[in-house]
Amino acid sequence: MSHKTRLLILGAGPTGLGAAMRAEALGLDWLILEAAPGPGGLAASFVDEQGFTWDLGGHVQFSHYPEFDRVMDAALGSRGWLTHERESWVRFRDRWVPYPFQSNLHRLSAEDCGRCLAGLRAAPGGTPRSFGDWMDRAFGEGISELFMRPYNFKVWGFPPEAMDCGWVGDRVAAPEMDTVLRAIETGEDNRSWGPNATFRFPKRGGTGAVWRAVAGGLPPERFRYSEGAVAVDPAGRAVRTRRGKDIQYDALISTVPLDSLARMCPCVPTAGAADRLRYTSTHVVGLGLNGQPPDALRGKCWMYFPGANSPYYRVTVFSHYSPHNVPKPGEQWSLMAEISETVHKPVDADTLLRETVRGLREDGLLPEETEILSTAHRFLPRGYPVPFLGRDQVVDPLLRAFETSGIYSRGRFGAWKYEVSNQDHSFMQGRECVDRIHTGGGPECEPTLHNPLSVNRR
Ligand SMILES: Cc1cc2nc3c(=O)[nH]c(=O)nc-3n(C[C@H](O)[C@H](O)[C@H](O)COP(=O)(O)OP(=O)(O)OC[C@H]3O[C@@H](n4cnc5c(N)ncnc54)[C@H](O)[C@@H]3O)c2cc1C
């Protein structure tokens, strides 16, 4: 059976839904094929058998775009959101250090503080060659060795010398000596930094509720769930689905991972280069717990863990995001840990839950006596698109080659640009791409993809 549509979208995650909303507003003929049974992609949520709600990793909503904010407001209504002040912390040795670590050295032991300060004073600055070089140049030996390098290896699972640093922009706070010294003098914490000093979260249903609502506001007949694409024929402008249907299109927006897309249409020039793309996989481990969190966790949203004693790099007190993330609000609470896996950093999935619980006990997050009511483990084959050295030399020609064939690969793994891969960026990539296709314009129509720094400075 064959079907002809003007704009075909692969994937109903934030990027695909951003594209769909725009296409609908412009009155275009569009259709989404989604491999999963529902919308949301990596920003979906699920409820486990015991009734605990989980995201696929700790998702918080913040935005660089008024347009995205309006869509979020409309999706859940003003009463559908809870707003939080970010309380993020670093667990360092046996101490809690407010995030960002580099601005709160007064929380360290005198010896560690002295080492970090001496390194910071001697930090050479200058133009870095890699992410690793950037850490050393910007922060100096102490902060780099004690926190930056161990923490970032836990997140990325890649040698920092093999990673680029063009993406750090607004994501990693550069320390200002005055601020650091003032904190040491006064003992006052520096807590507020960056684009997500406050954030909001859906009252019910986890982050996935947003994307279910966005999809629910669009005509249902334009969605085909559980119908993934398996092959793309750029010459014939047709996609074959898992059920063996062929769907023709004038333009195709793909949000599937770029290397998967390349495998689906290997005839596109340079498609073989997609094998050089690097990514992390992510394990998400959720623990549904009885009683109340320990005092040490009061008010904390999420915490970073550079230590080698635990498998996770980040833990979220997920019940703090919304009381409805647990089945009995006020009587239960929940923790969610994220663990990365790469070729350089293998993970034993069989022992991961045990190791996570052990680490949480050792780090003081999970008292011995706390009853574990529920455990949830999800493996995300693609978690983070790694900004490896030479990434743009691989990605940009690939994207251009696909565009020449009428295929626009966009989104977190569609465009593989970590610096513009959050929900707001992804949604806007989809939206801007439809505007480009509709107007017949060029890259200037897509500032998120082509001018990430200016977008992130907003
Ligand atoms: C651990 C973690 C933490 C995160 N934290 C945050 C956060 O705090 N804040 C934030 O804003 N963002 C966060 N993100 C990022 C957020 O999840 C992404 O921005 C967003 O999901 C990307 O949307 P997308 O549509 O580009 O890709 P995806 O969400 O990956 O959607 C792609 C869709 O394509 C579908 N698909 C795949 N193959 C096919 C096929 N062959 N045919 C049809 N469909 C297919 C998939 O099923 C999926 O639904 C986080 C991500 C992770 C992994």
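Residues numbered from 1 in each chain as written. Predicted model: local features only at pLDDT ≥ 70, side-chain atom pairs only at ≥ 80, totals over all residues.

Draft legend 1. Structural view of the packing of helix 3 (residues 110-122) against helix 4 (residues 131-156). Where helix 3 meets helix 4, the axes come as close as 5 Å, and the angle between the chain directions of the two elements is 135°. Here helix 4 runs oblique to helix 3, going by the angle between their axes. In this structure, helix 3 contributes Asp112, Arg115, Cys116, Ala118, Gly119, Leu120 and Ala122 to the contact, and helix 4 contributes Phe139, Gly140, Glu141, Gly142, Ile143, Ser144 and Leu146. In terms of residue class, the contact of helix 3 with helix 4 is made up of seven nonpolar, four polar and three charged. (Axes fitted to C-alpha atoms, helices over the stretch in contact; angles between N-to-C directions. Helix = DSSP H or I, 4+ residues; strand = E, 2+ residues; numbered from the N terminus. Parallel < 35°, antiparallel > 145°, perpendicular 65-115°, else oblique. Contact = placed C-beta atoms within 7 Å. Nonpolar A, V, L, I, M, F, W, Y, C, P; charged D, E, K, R; others polar.)

Draft legend 2. Fine view of unusual backbone geometry. In this chain, tyrosine 99 is followed by proline 100 through a cis amide linkage whose omega measures 0°. Relative to the helices and strands, proline 100 is located in the loop between strand 7 (95-98) and helix 3. Positive phi outside glycine occurs at arginine 93, with the angle close to 50°. Here arginine 93 is to be found in the loop between strand 6 (88-92) and strand 7. For arginine 93, a count of 12 C-beta atoms within 10 Å translates into the label exposed. Its identity is not glycine, yet tryptophan 416 carries a phi of approximately 60°, on the positive side. Tracing the chain through its elements places tryptophan 416 in the loop between strand 18 (407-409) and helix 11 (423-439). Among the residues examined, tryptophan 416 registers 28 C-beta atoms within 10 Å and is labelled buried. (Buried ≥ 20, exposed ≤ 12 C-beta atoms within 10 Å, placed from the backbone.)

Draft legend 3. Structural detail: the site of the ligand. Around the ligand, 35 residues are found, and the nearest of them are Gly11, Gly13, Gly41, Gly57 and Gly411. Secondary structure elements with two or more residues in the shell around the ligand: helix 1 (14-25), strand 17 (372-385) and helix 11. Grouping the amino acids of the shell around the ligand by side-chain chemistry returns 13 nonpolar, 18 polar and four charged. Here the shell around the ligand gathers at least three residues from each of two domains, domain 1 (2-37 + 225-278 + 388-456) and domain 2 (46-86 + 196-208 + 279-385). (Near = placed C-beta within 6 Å. Domains from an automatic or database assignment.)

Draft legend 4. Here's a closer look at the sheet that holds strand 7. Taken in spatial order, the seven strands of this open sheet run 7-6-14-15-16-13-17, and their pairing is mixed. Only two strands of the sheet have a single neighbouring strand rather than two, namely strand 7 and strand 17. Sheet twist, expressed as the average angle between the axes of neighbouring strands with direction ignored, equals 25°. Where strand 15 (residues 314-316) meets strand 16 (residues 332-341), three bridges bridge the pair, whose relative direction is antiparallel. Along strand 16, the bridge assignment pairs arginine 314 with glutamate 338. Helix-sheet contacts for helix 4 involve strand 6, strand 13 (279-290), strand 14 (302-304), strand 16 and strand 17, and the interaxial angle to strand 16 is about 90°. Relative to strand 13, helix 9 (residues 352-362) is tilted by about 65°, and along the sheet it contacts strand 13, strand 16 and strand 17. (Pairing = 2+ DSSP bridges.)

Draft legend 5. Structural detail: helix 6 (residues 208-216). Among the residues of helix 6, Gly208, Ala209, Val210, Trp211, Val214 and Ala215 are the ones counted as buried. Contacts made by the buried residues of helix 6 are with helix 1, strand 3 (45-47), helix 2 (66-76), strand 8 (198-202) and strand 9 (223-224).

Draft legend 6. Here's a closer look at the packing of helix 1 against helix 6. In contact at an axis separation of 10 Å, helix 1 and helix 6 are set at 25° when each is read in the N-to-C sense. One finds that helix 1 runs roughly parallel with respect to helix 6. Of the two elements, helix 1 crosses helix 6, and the hand of that crossing is left-handed. Contacts between helix 1 and helix 6 involve Pro14, Leu17 and Met21 from the former and Trp211, Val214 and Ala215 from the latter. (Left-handed = near helix turned anticlockwise from the far one by under 90°.)

Draft legend 7. Geometry of helix 9. Where helix 9 is concerned, the buried positions are Thr356, Gly359 and Leu360. Down the axis of helix 9, the buried side of the element spans an arc of 100°, and every buried residue falls inside it. Lining the buried residues of helix 9 we find strand 13 and strand 16. Glycine 364 lies just past helix 9 and shows a positive phi near 80°. (Arc of directions from axis to C-beta.)

Draft legend 8. How the structure looks around the environment of asparagine 309. Residue placement: asparagine 309 occurs in the loop between strand 14 and strand 15. Judged by C-beta crowding, with 12 C-beta atoms within 10 Å, asparagine 309 ranks as exposed.

Draft legend 9. Just the domain arrangement of the chain, in detail. Annotation of the chain at the domain level lists domain 1 (2-37 + 225-278 + 388-456), domain 2 (46-86 + 196-208 + 279-385) and domain 3 (101-178). A straight line from the C-alpha centre of domain 1 to that of domain 2 covers 29 Å. At the junction of the two partners, domain 1 supplies 14 residues and domain 2 supplies nine residues. Only helix 11 and helix 13 (452-456) provide two or more residues apiece to the side of domain 1 that touches domain 2.

Draft legend 10. Here's a closer look at the environment of serine 144. Inspection of the secondary structure puts serine 144 in helix 4. Remark: the alpha-carbon pair of serine 144 and glutamine 102, spanning 42 residues in sequence, is separated by 9.5 Å. Not counting residues up to four positions away in its chain, the partners in contact with serine 144 are Gly119, Met135, Asp136, Phe139 and Arg149.

Draft legend 11. Spotlight on the nonpolar core. One finds Leu7, Ile9, Val90, Val315 and Leu335 to be the most contacted residues of the largest nonpolar core, which totals 125 residues. Counting residues per element, this core draws most heavily on helix 4, which supplies 13 residues. In this view, leucine 335 contacts Leu287, Leu289, Val315, Val317, Phe318, Leu360, Leu365 and Leu366; residues no more than four positions away in its chain are not counted. (Core = buried A, V, L, I, M, F, W, Y, C linked by C-beta atoms within 7 Å.)

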